[in-house]
Number of protein chains: 2
Amino acid sequence: MKSFFTPASVAVVGATPNKIKGGFHIFNNLATYYKKGTVYPVNPNYDAIDGTKVYRSLSALPERPELVILFTPADTIPGLIEEAARLGVKRVQIQAAGFTEVGAPGIVRAEAVMKTVRENDMRVWGPNCTGSVSARDFFFSPFMPAPDLHKVLIPGPVSIIAQSGMMAGGFLLQVLDGGYFGIDKVAAIGNKMDIDEVDIIRYLAGESDTRIILMYLEGIARGREFLDVARSLSGKKSLVVLKGGRSAGGRTAALSHTGTMAGSDDVVSGALAQAGVVRVNDFIELINVGKALATLPYPRGGANIALITVTGGGGIVAADLLNDFGLKLANLTETTIGRLAPIFPAWMPPKNPVDIWPTMELRGINEALQSVIPIVLEDENVDAAVILAFASPISERLDIGPITSAIEKTKKPVVSWLFGYIPSFEPFTNLMRRAGIPVYLELSQAARVLAGLKQIAT
Amino acid sequence: MKSFFTPASVAVVGATPNKIKGGFHIFNNLATYYKKGTVYPVNPNYDAIDGTKVYRSLSALPERPELVILFTPADTIPGLIEEAARLGVKRVQIQAAGFTEVGAPGIVRAEAVMKTVRENDMRVWGPNCTGSVSARDFFFSPFMPAPDLHKVLIPGPVSIIAQSGMMAGGFLLQVLDGGYFGIDKVAAIGNKMDIDEVDIIRYLAGESDTRIILMYLEGIARGREFLDVARSLSGKKSLVVLKGGRSAGGRTAALSHTGTMAGSDDVVSGALAQAGVVRVNDFIELINVGKALATLPYPRGGANIALITVTGGGGIVAADLLNDFGLKLANLTETTIGRLAPIFPAWMPPKNPVDIWPTMELRGINEALQSVIPIVLEDENVDAAVILAFASPISERLDIGPITSAIEKTKKPVVSWLFGYIPSFEPFTNLMRRAGIPVYLELSQAARVLAGLKQIAT
């Protein structure tokens, strides 16, 4: 599997000097950024790309490439696979589309390819995909422009497996630009004619740089093996899945997208939960849960959440959303109540949700948050906390230091929901970021993320 | 009820020159912005606020005020209500807290107040609330600083009723700063000791400037009357409710927030649906649905959605999310398929989700979107559309004109989901905004909003 992420040599068939074509970008990205192997452009119609010699065919290459990437019209692919087989090539990545997802003629093509692959002990990745990425090696095979890759591709603990190329690419861009988390590997596996998510997960199981695996899948190939490998990773690596095709409409769409039979969702859902896989339903949830897993400490498996809020109404809605995700309001200990009481006005005895508005009015935002947050986090009944914050020019004056210390000391995850004065959103978010507290504009995301952390830690 | 929004005279008891106190802000906001009535500060401890004479008591005022606002410690309130009653004042707004929500002593106070109110044919608003706003009249009674109110308070079709003061205020700020929609009235009704949401809705029923009523409620007082008035507004005004206390934890929190008995949620849920009220579960949903109702045309009651997408995976997940909200993928007519076919590559016959990626590669973003969107919107089987867009410097070059025309011609709602390159989010969002297309970063919000429009139009 390593050949798809750090090959000693890679041939790009369909490389072209035409800069609006995907074939240019695959070659150009590899030639520009990848330094651990030789990159060969292959195309019978051109002599050179930006001064690099182009080879007429795979057979014309000066060596047998460890990996061949195919980006040519679908009807040329079976012949190219045969040529690769004859040369003894063992690993091929087909980024071209036009296979099972287009019906009968594509199915014939797919069968021809797989016959050659099986007879020659080859492995094939794709088709209908955007390839593979290894961030640490700057190996980037997707057929998209990737300017400044060396600046934006930050190595980190998250690997991504996606059955949708655009999702893998767009998602990756958003994650990198947004500073969500660093990346280890990205695998856009498309129709997964041969190599599938089970192969990739098994490979990532041995990659110590990957702590978290985020997946977008349309069907789960080899269900039993998927669950076995998922279960074997439990406690070692975190798996998060967005599975398309939960509905009849989604399943029909999946069939024409990647030729996937998505299967009944009830079975999938139960199995994933048993195997300790976190299930999400939207792309932004995949990003948010991924970031939380990459950056936050884990609660001790408990579901008891403290809400620290400037709004009573927000606290109530948050309690409802926590309940939707199987979490609940922590019962604060008598000790905590006793420690909080002197800070609170007499007419509002402290309880959870911890409404700090009166304390803020009395003592200001710094004294309120700096005194309340450590006391709440130190409560043995509290597994995690949500801060419901009102953004205003006043909130920008918060000194985050003591809160950071309390989080570091107690090692409990704290997330935040923000509402109010929009111009204060960015400065307040940056402030929270310094304390390692992610900020959401949807209260439901705070509950969603804590539920994900809880599930992984259980 | 008009006395709470455009009184000919208003007295603020608890007005103070201390600029960090709420009592200063209530007086200052009214004195600065409200021009349709006289504003009197009342406080025995001061002679003047910023040069305006302060009256020692309600009895010392030169006239009987149409409205009295009380912002003094809870234990002074029963006496002040008696004084107001003696003077013949009929409308009082109690912003002060310390009533039912604090238990026994507060309940005694509430009973004393209500006794006086009933015996003197008065109506009381609050307590434990942030008052009332009439945007067109620049009447703004909340106890919060409101700099530049005359610039930010944009009149519009949406009125807000909220049982949580901070929510009403923070929510209002966010809505105004974010340019979501203009406001008619805001009613933060707190404990609703006397005046409740039914009174406010009945009043707003006669206010032609209000087309949409957004509510945050913790309990529904007078359930039958609420449903009667909601039903009577069906087809005339749109009602959207976020109801706190769906869960046991939420209900307990509601009791200590506004002293509300939230009641079983199953009953509430069924009744709201019957009365044509849109139910949402998060604050951002309340804002998004409110904006959609304020700005988008309504579908014909149908649930058939076209997805126009650059990502197959996104289309599948969108289909699942539509299904979650009771919507479905539209079956495109043969005519539409025939009109789309020449634009699509032969290997990808058009269907819904309409995957425009290959067309974009072939013809560029402008030709792709400008040809596909009008054809899809003109389909009689399509009630509304979601554009799933990939943000990139290329997407910024989109000429939105022809899309705007198609939307105006077909009068069908179009919303958009955006992912990809974050620096392109803002320019692309502004582009979409010019065509009247709201942009969400959560795909689920697109489905949520269309479901709200559908429910109202049914």
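Residues numbered from 1 in each chain as written. Chains lettered and ligands numbered in written order. Predicted model: local features only at pLDDT ≥ 70, side-chain atom pairs only at ≥ 80, totals over all residues. Heavy atoms only, no water.

Details of the overall build of chain A
Point 1. The secondary structure content of chain A amounts to 16 helices and 20 strands.
Point 2. The proportion of buried residues among the 458 residues of chain A is 63%.
Point 3. Across chain A, contacts joining residues at least 24 apart in sequence account for 74% of those joining residues at least 6 apart.
Point 4. For chain A, the accessible surface area stands at approximately 16,400 Å², while carbon and sulfur atoms represent 53% of it.
Point 5. Charge centroids of chain A, computed over 44 positive and 43 negative side chains, lie 4 Å from each other. (Helix = DSSP H or I, 4+ residues; strand = E, 2+ residues; numbered from the N terminus. Buried < 20%, exposed > 50% of the residue type's maximum accessible area, 1.4 Å probe, protein only. Contact = heavy atoms within 4.5 Å. Areas by Shrake-Rupley, 256 points an atom, 1.4 Å probe, with all protein chains shown as cover. Lys, Arg positive; Asp, Glu negative; His and termini not counted. Charge placed at Lys NZ, Arg CZ, Asp CG, Glu CD.)

A look at the interface of chain A and chain B
Point 1. Each partner contributes residues to the interface: chain A has 61 residues there, and chain B has 61 residues.
Point 2. Both sides of the chain A and chain B interface together cover about 4,700 Å² of buried area, and 69% of this is carbon and sulfur.
Point 3. Where chain A touches chain B, the interface holds 2 salt bridges.
Point 4. Among the ionic pairs, B:Asp324 bridges to A:Arg246, the shortest N-O distance being 2.8 Å.
Point 5. Between the two partners, chain A and chain B, sit 16 residue pairs in polar contact (both at pLDDT 80 or more).
Point 6. Taken together, the elements giving at least two residues each to the side of chain A that touches chain B come down to α5 (165-177), β13 (238-243), α8 (248-258), α10 (283-295), α11 (312-324), α13 (357-378), β19 (414-420) and α16 (443-457) of chain A. (Buried area = accessible area lost by both parts, 1.4 Å probe. Salt bridge = Lys/Arg side-chain N within 4 Å of Asp/Glu carboxyl O. Polar contact = N/O pair within 3.5 Å; in protein donor to acceptor, adjacent residues only side chain to side chain.)

Some words on the packing of aromatic side chains
Point 1. By the definition in use, this model includes 20 aromatic pairs over all chains.
Point 2. Judged by centre distance (5.4 Å) and plane angle (50°), the rings of B:Phe390 and B:Phe419 are tilted. On the criterion of sequence distance, the pair formed by B:Phe390 in strand β18 (residues 384-391) and B:Phe419 in strand β19 (residues 414-420) is long-range, its members being 29 residues apart.
Point 3. Linked through ring pairs, A:Tyr216, A:Phe283, B:Phe390, B:Trp417 and B:Phe419 together constitute an aromatic cluster.
Point 4. The positively charged end of B:Lys53 is found above the aromatic ring belonging to B:Tyr55, 4.9 Å away from the centroid. (Phe/Tyr/Trp six-rings, centres within 6.5 Å; stacked < 30°, edge-to-face > 60°. Lys NZ or Arg CZ within 6 Å of the ring centre and 35° of its normal.)

A few points about helix α13 (residues 357-378) of chain B
It helps to recall that an α-helix has 3.6 residues per turn; residues three or four apart then point in one direction.
All names here are of chain B.
Point 1. Taking 1.5 Å of rise per residue, the 22 residues of α13 would be expected to cover 32 Å, yet its terminal C-alpha atoms sit only 21 Å apart, more than 12% below that figure.
Point 2. Of all the bends found along α13, the most pronounced is centred on Gly364 and spans about 125°.
Point 3. Among the residues making up α13, those that are buried are Pro358, Thr359, Met360, Ile365, Ala368, Leu369, Val372, Ile373, Pro374, Ile375, Val376 and Leu377.
Point 4. In this fold, the buried residues of α13 make contact with β15 (304-309), α12 (334-340), β17 (354-355), β18, α14 (401-410) and β19. (Expected span 1.5 Å × (residues − 1). Bend = angle between axes of the 7 residues up to and from the residue.)

What to know about the relation of the copies chain A and chain B
Two chain copies, one operation linking them: a rotation about an axis together with a shift along it.
Point 1. Structural alignment of chain A on chain B gives an RMSD of 0.0 Å, achieved by rotating through 180° and translating 0.0 Å along the axis. Such a combination of turn and shift is consistent with a two-fold rotation axis. Nearest to the rotation axis, the C-alpha of A:Glu442 is located 4.8 Å from it, this being the minimum over chain A.
Point 2. Interface overlap between copies: 100% of the residues of chain A at the interface are likewise at the interface in chain B, consistent with a symmetric, same-surface contact. (Least-squares fit on C-alpha atoms with pLDDT ≥ 70 in both.)

Remarks on the packing of helix α2 (residues 77-86) of chain B against helix α3 (residues 104-119) of chain B
Residues and elements named next belong to chain B.
Point 1. Interhelical geometry of α2 versus α3 gives an angle of 5° and a closest axis separation of 9 Å. For the element pair α2 / α3, the angle class is roughly parallel. Across from Ile77, Pro78, Ile81, Glu82 and Ala85 in α2, the residues of α3 making contact are Arg109, Ala112, Val113, Thr116 and Val117.
Point 2. Of the residues belonging to the contact of α2 with α3, the class tally is 7 nonpolar, 1 polar and 2 charged. (Axes fitted to C-alpha atoms, helices over the stretch in contact; angles between N-to-C directions. Parallel < 35°, antiparallel > 145°, perpendicular 65-115°, else oblique. Nonpolar A, V, L, I, M, F, W, Y, C, P; charged D, E, K, R; others polar.)

Observations concerning the sheet that holds strand β11 (residues 183-188) of chain A
Residue and element names in this part refer to chain A.
Point 1. In space, the 7 strands of this open sheet follow the order β9-β8-β11-β10-β12-β13-β14, with mixed pairing throughout. Only two strands of the sheet have a single partner each, and these edge strands are β9 (139-140) and β14 (278-280).
Point 2. Here 3 bridges tie β13 to β14, and the two strands are oriented parallel to one another. Bridge pairing links Val241 to Arg279 in β14. (Pairing = 2+ DSSP bridges.)

Thoughts on empty space enclosed by the protein
Point 1. Per the counting criterion, the structure on display carries 12 cavities of 30 Å³ or more.
Point 2. Looking at the largest cavity, the residues that line it are B:Ile308, B:Val310, B:Ile356, B:Met360, B:Ile365, B:Leu369, B:Ile387, B:Leu388, B:Ala389, B:Phe390, B:Ser395 and B:Phe428.
Point 3. Sorting the residues of the lining of the largest cavity by element identifies α13 and β18 of chain B as the ones contributing at least two each.
Point 4. Take the lining of the largest cavity: its biggest share by element is 4 residues, from β18(B).
Point 5. Looking at the lining of the largest cavity residue by residue, the classes come out as 11 nonpolar, 1 polar and no charged.
Point 6. One number sums up the size of the second largest cavity: a volume of about 60 Å³.
Point 7. Along the walls of the second largest cavity sit A:Val310, A:Ile356, A:Met360, A:Ile365, A:Leu369, A:Ile387, A:Leu388, A:Ala389, A:Phe390, A:Ser395 and A:Phe428, which together make up its complete lining.
Point 8. When contributions to the lining of the second largest cavity are tallied by element, the ones reaching two or more residues are α13 and β18 (384-391) of chain A.
Point 9. Broken down by element, the lining of the second largest cavity gets its largest block of residues, 4 residues, from β18(A).
Point 10. Considered class by class, the residues forming the lining of the second largest cavity number 10 nonpolar, 1 polar and no charged. (1 Å grid on protein atoms, 1.4 Å probe; cavity = no way out; pocket = protein on both sides within 12 Å on 5 of 7 lines; lining within 4 Å. Points joined across faces, edges and corners; volume = space filled by probe spheres on them.)

Regarding the confidence of the model for chain A
Point 1. A residue-level look at chain A finds 98% of positions with pLDDT of 70 or above and a mean pLDDT of 91.
Point 2. Predicted as a complex, the structure gets a pTM of 0.91 and an ipTM equal to 0.90. (pLDDT = per-residue confidence, 0-100.)

Brief notes about the environment of B:Ala275
Residue and element names in this part refer to chain B.
Point 1. By the element assignment, Ala275 lies in the loop between α9 (265-274) and β14 (278-280).
Point 2. Classification of Ala275 by relative accessible area gives buried; the value is 4%.
Point 3. Sequence separation between Ala275 and Ser234 is 41 residues; the distance between their C-alpha atoms is 7.6 Å.

Digging into the side chain of B:Thr311
Point 1. For B:Thr311, the position within the fold is in the loop between β15 and α11 (312-324).
Point 2. A residue is classified by how much of its surface remains accessible, and B:Thr311, at 0% relative accessible area, is buried.
Point 3. Leaving out residues up to four positions away in the same chain, B:Thr311 has contacts with A:Ser164, A:Met166, A:Met167, B:Asp355 and B:Phe419.

What to know about the pairing of strand β10 (residues 155-162) of chain A
All names here are of chain A.
Point 1. In terms of burial, β10 is a largely internal element, 7 of the 8 residues being buried.
Point 2. Sheet analysis places β10 next to β11, joined by 5 bridges and oriented parallel. From the neighbouring strand, Ala162 faces β11, where its bridge partner is Ala188.
Point 3. On the question of chirality, the crossover connecting β10 to the parallel β11 by way of α5 is right-handed.
Point 4. Relative to strand β12 (residues 212-217), β10 runs parallel, the two being bridged by 5 bridges. By the bridge assignment, Ile161 is partnered in β12 with Met215. (Right-handed = clockwise from strand over helix to strand, strands pointing away.)

Comments concerning the sheet that holds strand β2 (residues 38-42) of chain B
All names here are of chain B.
Point 1. Pairing in this open sheet of 5 strands is parallel, and the strands run β2-β1-β5-β6-β7 from one edge to the other. Sheet topology places β2 and β7 (123-125) at the edges, where each strand pairs with a single neighbour. Here the average twist between neighbouring strands, direction ignored, is 20°.
Point 2. Inspection of the sheet shows strand β1 (residues 9-13) paired to strand β5 (residues 67-70) by 4 bridges, in the parallel sense. When the sheet's bridge partners are listed, Val12 is paired in β5 with Ile69.
Point 3. Sheet strands touched by α2: β1, β5 and β6 (91-94). Its angle to β6, the strand with the most contacts, is close to 165°.

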